[in-house]
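Examining the three-dimensional arrangement
This is what each chain is made of:
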Amino acid sequence: MDAKGRALSETVWTRLDRKAGAITELTIRQLRHRISTWVVLIVGVLVMALLLAFYVDAIRDDFEPVDNDGDSVDWDNDGYPQGQENKYGTSDWDGQEYPGSGYYVMTGEIVWNDDSRFHSGNHTWEGQGYLDSEWVDLDYTGSRWSGLIDWGEVNPCPEGDVLDDWWLDWGEACTYDDGSYFVSGKFRASGSVSVPESGYMQWGHMTLASYVEPEPASMYIDEDGILWDGKDVSDLETIEEVDDDGDCLANMNDNNRNGIPCDVIWILDADGDEIIEIRADYNVNEDPEESKYLGELSHRTFIIGTGKMAFVMMLGIFIPLFLALGLVRDETENGTLHYLLSKPIHRAEFIIYRLLGYLLLAGTYILVLVLLMALVTSLIGPGDSLIRLSDFPVWLGIGLATVLVLAAYGALYNTLGLIAPKYGVYFCIILGIWEFIMGMFTMTLPSASVPMLSISHWALQLIDAIVLIAWPDTLQYTQITSAFGIDSGLSFFWQPPVHTLGTQSPVVALLVSITVLLLITVAMVGIGQASFKNREIM
Amino acid sequence: MSDKTPAVLVDQVSKWYGEVIGINDVSLAIDGGVTGVLGPNGAGKSTLFKLLMGRLKPNQGSVRLFGVDPWTNTAPYRRVGYVSESERMYDWMTALDFVTTLARLHGMTREEATARAEHVLDFVGLSDVQNKEIGKYSKGMRQRVKIAHALVHDPDLIILDEPLHGCDPIARTSIMSVIRELGSQGKTVIISSHILEEIERITEQIVILHNGRLLALGNLHAIRALLDKHPHRILLTCDDPRHLASEFISEDPVYGVRFPEEGKLEIQTNDLSAAHAILPRVIVDSGTDVSAIENPDDNLESLLGYLIGGDS
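Residues numbered from 1 in each chain as written. Chains lettered and ligands numbered in written order. Predicted model: local features only at pLDDT ≥ 70, side-chain atom pairs only at ≥ 80, totals over all residues.

**Overview of the overall build of chain B**
On a plain count of helices and strands, chain B comes out with 10 helices and 13 strands. Expressed along its principal axes, the backbone C-alpha trace of chain B runs to roughly 70 × 45 × 40 Å. Taking all 312 residues of chain B together, the buried fraction comes to 42%. Look at the contacts in chain B between residues 6 or more apart in sequence, and 66% of them connect residues 24 or more apart. (Helix = DSSP H or I, 4+ residues; strand = E, 2+ residues; numbered from the N terminus. Buried ≥ 20, exposed ≤ 12 C-beta atoms within 10 Å, placed from the backbone. Contact = placed C-beta atoms within 7 Å.)

**Topic: the overall build of chain A**
Counting its regular elements, chain A contains 14 helices and 8 strands. Relative to the compact-globule value of 24 Å for 538 residues, chain A shows a C-alpha radius of gyration of 35 Å, a clear excess of over 25%. By its C-alpha atoms, chain A is 120 × 55 × 40 Å across when sized along the principal axes. For chain A, the residues scored as buried account for 43% of the 538 residues in total. Excluding contacts between residues fewer than 6 apart, the proportion of contacts in chain A whose partners are at least 24 apart in sequence is 71%. (Rg over C-alpha atoms; globule rule 2.2 N^0.38 Å.)

**Quick notes on the interface of chain B and chain A**
With 24 residues of chain B in contact, the opposing surface of chain A contributes 20 residues. Looking at which element gives the most residues to the side of chain B that touches chain A, the answer is helix H2 (residues 95-104) of chain B, with 3 residues. The residue makeup of the side of chain B that touches chain A, split by class, is 11 nonpolar, 8 polar and 5 charged. (Nonpolar A, V, L, I, M, F, W, Y, C, P; charged D, E, K, R; others polar.)

**Digging into the sheet that holds strand E2 (residues 20-30) of chain B**
Residue and element names in this part refer to chain B. The strand order across the open sheet formed by 3 strands is E2-E1-E4, and the pairing between neighbours is antiparallel. The two strands at the open ends of the sheet, each matched to only one other strand, are E2 and strand E4 (60-65). Between one strand and the next, the sheet's axes are offset by a mean angle of 25°, whatever the strand orientation. Sitting on the sheet, helix H1 (residues 45-52) is in contact with strand E1 (8-17), E2 and E4, with an inclination near 60° to E2. (Pairing = 2+ DSSP bridges. Axes fitted to C-alpha atoms, helices over the stretch in contact; angles between N-to-C directions.)

**Details of the packing of helix H8 (residues 347-380) of chain A against helix H9 (residues 391-419) of chain A**
Helix-helix packing is described using two parameters, namely the angle between the two axes and the distance between the axes. Residue and element names in this part refer to chain A. Between H8 and H9, whose axes approach to 9 Å, the crossing angle comes to 155°. Judged by the angle between their axes, H8 and H9 are roughly antiparallel. The two elements H8 and H9 cross, and the hand of that crossing is right-handed. (Parallel < 35°, antiparallel > 145°, perpendicular 65-115°, else oblique. Left-handed = near helix turned anticlockwise from the far one by under 90°.)

**Thoughts on the packing of helix H11 (residues 455-470) of chain A against helix H14 (residues 506-533) of chain A**
Residue and element names in this part refer to chain A. Taken N-terminus to C-terminus, the directions of H11 and H14 make an angle of 155°; their axes are 8 Å apart at the nearest point. Comparing the axis directions of H11 and H14 gives the class roughly antiparallel. Every pair of crossing elements has a handedness; the one defined by H11 and H14 is left-handed. On H14, the residues that touch Ile-455, Trp-458, Ala-459, Gln-461, Leu-462, Ala-465, Ile-466, Leu-468 and Ile-469 of H11 are Pro-506, Val-507, Ala-509, Leu-510, Ser-513, Ile-514, Val-516, Leu-517 and Ile-520. Tallied by class, the residues present in the contact of H11 with H14 amount to 16 nonpolar, 2 polar and no charged.

**Brief notes about the pairing of strand E4 (residues 172-175) of chain A**
On a regular strand, one side chain projects to one face of the sheet and the next to the other, so that they alternate. Residues and elements named next belong to chain A. The pairing of strand E3 (residues 155-156) with E4 spans 2 bridges and is parallel. Residue pairing in the sheet places Asn-155 in a bridge with Cys-174 of E4. Between E4 and strand E5 (residues 181-194), which follow one another and run antiparallel, lie 5 residues, and Gly-179 among them has a positive phi close to 90°.

**A few points about the domain arrangement of chain B**
Reports of interface size often rely on the accessible area that becomes lost once the parts have come together. Residues and elements named next belong to chain B. Partitioning chain B into domains gives domain 1 (8-225) and domain 2 (229-311). Here domain 1 and domain 2 have C-alpha centroids that lie 36 Å from each other. Listed as interface residues are 9 residues of domain 1 and, on the opposing side, 6 residues of domain 2. When residues of the side of domain 1 that touches domain 2 are traced back to their parent elements, those giving at least two are strand E8 (205-210) and strand E9 (213-219). Looking at the side of domain 1 that touches domain 2, its residues break down into 7 nonpolar, 2 polar and no charged. (Domains from an automatic or database assignment.)

**What about the confidence of the model for chain B?**
With 96% of its residues at a pLDDT of at least 70, chain B reaches an overall mean of 87. The complex prediction reports pTM at 0.75, with the ipTM value standing at 0.81. (pLDDT = per-residue confidence, 0-100.)

**Some remarks on the nonpolar core**
Counting 175 residues, the largest nonpolar core has Ala408(A), Ala459(A), Ile463(A), Val99(B), Ala148(B) and Ile159(B) as the members making the most contacts within it. Those residues in contact with Ile463(A) that sit more than four places away from it in its chain are Ile304(A), Gly307(A), Lys308(A), Val312(A), Gly397(A), Ile398(A) and Ala401(A). (Core = buried A, V, L, I, M, F, W, Y, C linked by C-beta atoms within 7 Å.)

**Some remarks on the confidence of the model for chain A**
When pLDDT is averaged along chain A, the result is 84; 92% of the residues meet or exceed 70. A low-confidence stretch, residues 230-237 of chain A (pLDDT under 50), is modelled with 5 contacts involving residues beyond four sequence positions or located in other chains.

**Describing unusual backbone geometry**
Peptide bonds are, in most cases, trans, and in most cases residues other than glycine have a negative phi. Residue Gln504(A) is not a glycine yet carries a positive backbone phi of 65°. For Gln504(A), a count of 15 C-beta atoms within 10 Å translates into the label partly exposed. Notably, Asp25(B) is not glycine yet its phi reads approximately 50°, a positive angle. Mapped onto the fold, Asp25(B) is located in strand E2. For Asp25(B), a count of 13 C-beta atoms within 10 Å gives the class partly exposed.

**Points about the sheet that holds E9(B)**
Backbone-to-backbone hydrogen bonds pair the strands of a sheet. The strands run either parallel or antiparallel. Residues and elements named next belong to chain B. The sheet built from 6 strands is open, its strands ordered E5-E6-E7-E3-E8-E9 with mixed pairing. The sheet is open, and its two edges are formed by strand E5 (80-83) and E9, each paired on a single side. When strand polarity is set aside, the average angle formed by the axes of neighbouring strands in this sheet is 15°. With 4 bridges connecting them, E5 and strand E6 (residues 157-160) associate as parallel partners. Across the sheet, residue Val-83 finds its bridge partner in E6, namely Leu-160. The strands that helix H5 (residues 169-184) touches are strand E3 (34-38), E6 and strand E7 (188-193); relative to E7, the one it contacts most, it runs at about 150°.

**Quick word on helix H5 (residues 294-323) of chain A**
The periodicity of an α-helix, 3.6 residues per turn, causes residues three or four places apart in sequence to face the same way. Leu315(A) marks where H5(A) bends most, by close to 35°. Taken across its 30 residues, H5(A) has 24 buried, putting it largely inside the fold. (Bend = angle between axes of the 7 residues up to and from the residue.)

**A look at the environment of Ser505(A)**
Residues and elements named next belong to chain A. Along the polypeptide, Ser-505 turns up in the loop between helix H13 (490-493) and H14. On the basis of neighbour counts, which here come to 15 C-beta atoms within 10 Å, the residue Ser-505 falls in the partly exposed class. Here the alpha-carbon distance between Ser-505 and Ile-469, two residues 36 residues apart in the chain, equals 8.9 Å.

**Observations concerning the environment of Leu462(A)**
All names here are of chain A. By the element assignment, Leu-462 lies in helix H11. Judged by the 29 C-beta atoms lying within 10 Å of it, Leu-462 falls in the buried class. Setting aside chain neighbours within four positions, we find Leu-462 in contact with Gly-397, Ala-401, Leu-510, Ser-513 and Ile-514.

**Side note on the environment of Tyr98(A)**
Residues and elements named next belong to chain A. Following the sequence through the fold, Tyr-98 ends up in the loop between helix H3 (82-88) and strand E1 (104-110). Of the residues examined, Tyr-98 has 22 C-beta atoms within 10 Å and is grouped as buried. The spacing of Tyr-98 and Ala-209 is 111 residues in sequence and 9.8 Å in space, taken between C-alpha atoms. When residues no more than four places from it in sequence are discounted, the contact partners of Tyr-98 are Asp-78, Gly-79, Tyr-80, Glu-85 and Thr-90.

Next comes the structure, spelled out in structure tokens:
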């Protein structure tokens, strides 16, 4: 290019630049002079402040130890927490059964088709029948929950035949005038029992009791941490090491069906640095330390949830509704468009510069808001370092997603305002609801195809992708939460990105989402331009 | 002007809105000087201007600004300033801001634009209030801001749609002098109005539109001379109409008198110029006090009435 050509191109370029500058500046100033702009922007700030308040509250709570598996509770009030009872194989629903209480050994039974329906002796019994007792252990008492007969509340038996005319619940007994009983449940007595036809009764004895020191409840909080050296999958931990509290060993669960009870199978991805699946036996590693897992989990859940719900779905849908719908339409209706269009500026250019002005205002607002949120949460969030720098890429990704959404919705709403000046706002509200529903679907079923017809789907996918790029171990965390049954919202708000084009790469997913959002924006701007170009302006 | 193509060329243009006709088969070429477009409300003046400014697309015929179709091309707007009939402005802006912003749309830098804006605001006589918000301006000041914005890029062609509408007499006079000044600078100015007297004070070159049709085109005085030969009325307000009437009835151009109400005398004539020529002498001779002389027929409606009547 010769000097003249260069000078010419510079002139054209700077002139274009100046026009763009003038219209974007005018647009921003116009928006700043509207009350609705301020209302929607201030509401956004208030929502973020509210979320931060919840965040501060939640983060503080989560650092307190939480008994994830609930085994620190002594449900049957026998002095032994559930964890200790599990270890000894006794029931935490039966106050008479506790570590060292001895256990029941069956020695005989009468089943429904046995000919002999009579037995006597000094036993621990369980079943239904008429009891003619010499002695009943009234201290061995319980309720329906434990199956023990409640000797504290024995009523007279009704008239008629048992099983035909009346019936007793499990754990109940009734008495006859001669001092005999009809019993239904577990009891300890010396005497004779006759079992009605089709009834059942078994008997046996309890082994000798020995004293076992009850363990404090605090021992069963955060007692079963997640064991994972992060390196070698073949080097399985020994069973005793994996199940710290031994509550799996009592039942020898093998839910993952690999022949080894109470173990965890860690499945890594191809290059061996990310856990992509965890198959754990029940009651293994189920109560980890909160500061290690739940703090981090809820921190990430908060950021992802805020990014998706508050930024993309709330601000992303409402800001354009208030700011972009009338960008060109209002000028047409006010008649002020005549001033602008009597200048040498193409109508198609005009739309772009208007949208640019709107995006500059709304985008700056979003970026400031995102950075403020990032600063606060990374300062008070969990972790040893003073500030969590790894959070910033995620927050910036949320900002990027929101700005792209603002561009796409802005172009869409502006075009709707142009095509249907009167009813555009209703179309926009319907679209907003559609986008919200599709956003919710995207979060729960990211691979469903219908939500792909929405803008929010691609923005949410963008956040999913950027989360996986900035925090690669998020996948690990979701696997850990589902494998060990740890309750957190992460799996609701985050799932691995879907649109990786078969590569599993979050970078590909990120680029796909950005491209789709940009294409939607360009298409909407194009439709708006085509409609506006052939519009007669009165 | 160096190029051969006229600033404005309208060739057999028709524009209708559904059933309603805006402009019906109008052809005209305008280049240089001040041209008044006259017509009652609804005659098609604004439609014509919007066609010129590419806001509307003609149903038939072609519109050219400096040889270019304004509907498909924005290039002519570099040389055109347009004052629309729209009353709405950005009321929160100052006049300087408003004109500067619009000047920047011509590709000027902020500094150039500000300098030009100050210049044109001075030209329309608003330099002392240029930093006040437009919302606080009077009607006439707002019109002058609109004119300033149309002049900011020193256009060759200026189109003004009813710039005097709703202005008070002082604003009217100042706007008229601005327009005359533009004409004397050699620019092509097109101004519309529905008041004959306004246009008459600015220019002699007129276009008359009526019901979307081009009714007359040319020199206002030539058209008026035709009108003068037709029955006309002069209305005098005086203290003794009967005495004055007796003086007039003997004069040659006067063929009748009437007393429409108390203290008023109506003279009927076939030659308005001749009647006006004898008027001062007769009044002085009669010794009657005359407080007002009106020409009730000297307005657009009677001009139109005459022209339409002449057509049929």
